[in-house]
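Each chain is listed here by its residues.
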Amino acid sequence: MKLLITGGTGYIGSHTVVELLSLGHDVVIVDNLVNSSELVLSRIEKITGKMPQFVKADICDRDALNDIFSTYKPEAVVHFAGLKAVGESNDIPLSYYHNNVTGSVVLFEVMAAHNVKNLVFSSSATVYGENNVSPLDETMATSATNPYGRTKLMIEEILFDLAKSDSDWSIINLRYFNPIGAHQSGLIGEDPNDIPNNLLPYVSQVAIGRLAQLQVFGDDYNTPDGTGVRDYIHVVDLALGHIKALETLATLSGCQAINLGTGNGTSVLQIVDGFSHISGTKVPFKIVPRRAGDIATVYANAALAKDVLGWQAERNLTEMLEDTWRWQSTNPQGYTE
Ligand code: NAD
Ligand code: WQD
């Protein structure tokens with residue numbers, strides 16, 4: 001299949017491109033590199049023996065997207081491109097609404113104009129808001145607690161409306177839980193621009209010595225050890241979920257939301273202990289007050305993905321932490337020459 005991958009040089013996009021190329025799909029990436037490096041492309045080539053086609057452009061740029069659709073004639077789109085930092089989205093909400101929502105609407109308009117109506121969209125477990133009790137399933141009410149989350153929810157709602165208006169569309173909104181890990185080769189992984197917001201990149205940068213100490217945000221939650229519990233999922237499992245979603249589009253009409261999680265919860269302290277063991281470096285940490293907006297426990301009901309996509313996560317927490325550490329220890333400064 002010929003596929004357009006927006007945000008394909010990013011963390012999850014690059015792992016998905018590797019799996020797609022390995023299966024013989026034809027891939028063109030569009031990314032403006034606002035949160036990724038062009039070096040990813042040569043790493044993907046090293047892993048797969050194939051250099052993906054790449055266009056540096058912004059998804060808000062309608063002319064650039066029209067050119068891409070005319071030139072490459074993709075049959076389906078996997079839409080990863082977006083800004084994703086929750087805290088930053090509170091500070092610069094308009095940038096998030098413009099980049100994520102306007103950019104997505106421009107992309108969907110250009111898709112429609114070129115009669116490309118197969119789409120897999122990167123949504124997030126954040127759309128379950130703070131009022132549902134885990135395990136979270138797709139029938140639960142959605143809501144958002146910050147501008148980033150609201151962009152995901154708005155895009156999902158736009159896509160439900162779009163599919164209702166025109167039955168030619170086949171759309172899957174994949175709701176990711178907490179992606180971690182890296183490709184087993186250690187050649188691609190997560191490389192945040194600034195100080196990481198998410199737990200795993202923070203822990204691994206402490207272990208490699210780039211950061212002094214982890215702050216554990218609260219140990220007074222109603223969880224087994226008092227720290228926050230999340231559903232961590234290996235990024236390669238997540239990438240494989242996209243392949244299954246793309247295959248499923250052929251038999252699906254309309255728009256469907258599907259969780260990609262493992263169904264298991266792991267606490268912050270379990271992550272810290274596991275990472276210390278695997279890296280052979282004791283990760284120093286300090287308990288600090290809760291982070292605003294965090295909730296105690298988030299994990300998926302992963303049954304729908306199994307039923308509809310025939311997909312389930314295969315990689316365990318040890319593999320997730322080992323692969324994260326292989327990436328971080330062989331690329332201590334991330335993507336550099
Ligand atoms: P990432 O930042 O590594 O990848 C996103 C890519 O999109 C980057 O390469 C960035 O340069 C590109 N991009 C951003 N705005 C763009 C624009 N206007 N035009 C073109 N390219 C643009 O993030 P990721 O972790 O790979 O996440 C991918 C998607 O999955 C995002 O939409 C994110 O919101 C969603 N998501 C991520 C997580 C997570 O924890 N990583 C969880 C749930 C959902
Ligand atoms: C995990 C746990 C923190 C950092 C976020 C987004 C969500 C989705 C995934 C995109 C929590 C604790 C963290 C640190 C800590 N992204 N923590 N010290 O908050 O579950 O989800 O990323 O869609 O929308 O909100 O992930 O990795 O930030 O936190 O103690 O320095 O680690 O409190 O319990 P989160 P996270």
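The preceding data block contains the structure.
This report concerns the structure included in the present document.

Calculation rules
Residues numbered from 1 in each chain as written. Chains lettered and ligands numbered in written order. Predicted model: local features only at pLDDT ≥ 70, side-chain atom pairs only at ≥ 80, totals over all residues. Heavy atoms only, no water. Near = heavy atom within 4 Å. Polar contact = N/O pair within 3.5 Å; in protein donor to acceptor, adjacent residues only side chain to side chain. Helix = DSSP H or I, 4+ residues; strand = E, 2+ residues; numbered from the N terminus. Pairing = 2+ DSSP bridges. Axes fitted to C-alpha atoms, helices over the stretch in contact; angles between N-to-C directions. Contact = heavy atoms within 4.5 Å. Areas by Shrake-Rupley, 256 points an atom, 1.4 Å probe, with all protein chains shown as cover. Nonpolar A, V, L, I, M, F, W, Y, C, P; charged D, E, K, R; others polar.

This part covers the site of ligand 1. Near ligand 1, the surroundings consist of 27 residues, among which Asp 31, Asn 35, Ser 36, Asn 99 and Tyr 148 are the closest. Lys 84 places a side-chain nitrogen or oxygen 2.8 Å from an oxygen atom of ligand 1. Going through the elements one at a time, helix H1 (11–22), strand E5 (118–124) and helix H6 (147–165) are the ones with two or more residues in the shell around ligand 1. Of the residues forming the shell around ligand 1, the biggest block, three residues, is contributed by E5.

Taken together, the seven strands give an open sheet; going across it, the order is E3-E2-E1-E4-E5-E6-E11, and neighbouring strands pair in parallel fashion. Edge positions in the sheet fall to strand E3 (53–56) and strand E11 (254–260), since each of these pairs with one other strand and no more. Geometrically, the sheet is characterised by an average inter-axis angle of 20 degrees between neighbouring strands, direction not taken into account. Its contacts with the sheet put H1 on strand E1 (2–6), strand E2 (26–31) and strand E6 (170–176), and the angle it makes with E2 is roughly 165 degrees. Set on the sheet, helix H5 (residues 93–113) makes contact with E1, strand E4 (76–79) and E5; between it and E4 the angle comes to about 175 degrees.

Right, let's get into the site of ligand 2. Around ligand 2, 18 residues are found, and the nearest of them are Ser 124, Tyr 148, Gln 215, Arg 230 and Asp 294. Arg 230 is positioned with one of its side-chain polar atoms (N or O) 2.5 Å from an oxygen atom of ligand 2. Contact between ligand 2 and Asp 294: an oxygen atom at 2.6 Å from a side-chain N or O atom of the residue. When ligand 2 is considered free in solution it has 690 Å² of accessible area, and contact with the protein chains removes 87% of it. Per element, the largest residue contribution to the shell around ligand 2 is four residues, and it comes from strand E8 (residues 214–217). Class assignment for the residues of the shell around ligand 2 results in eight nonpolar, seven polar and three charged.

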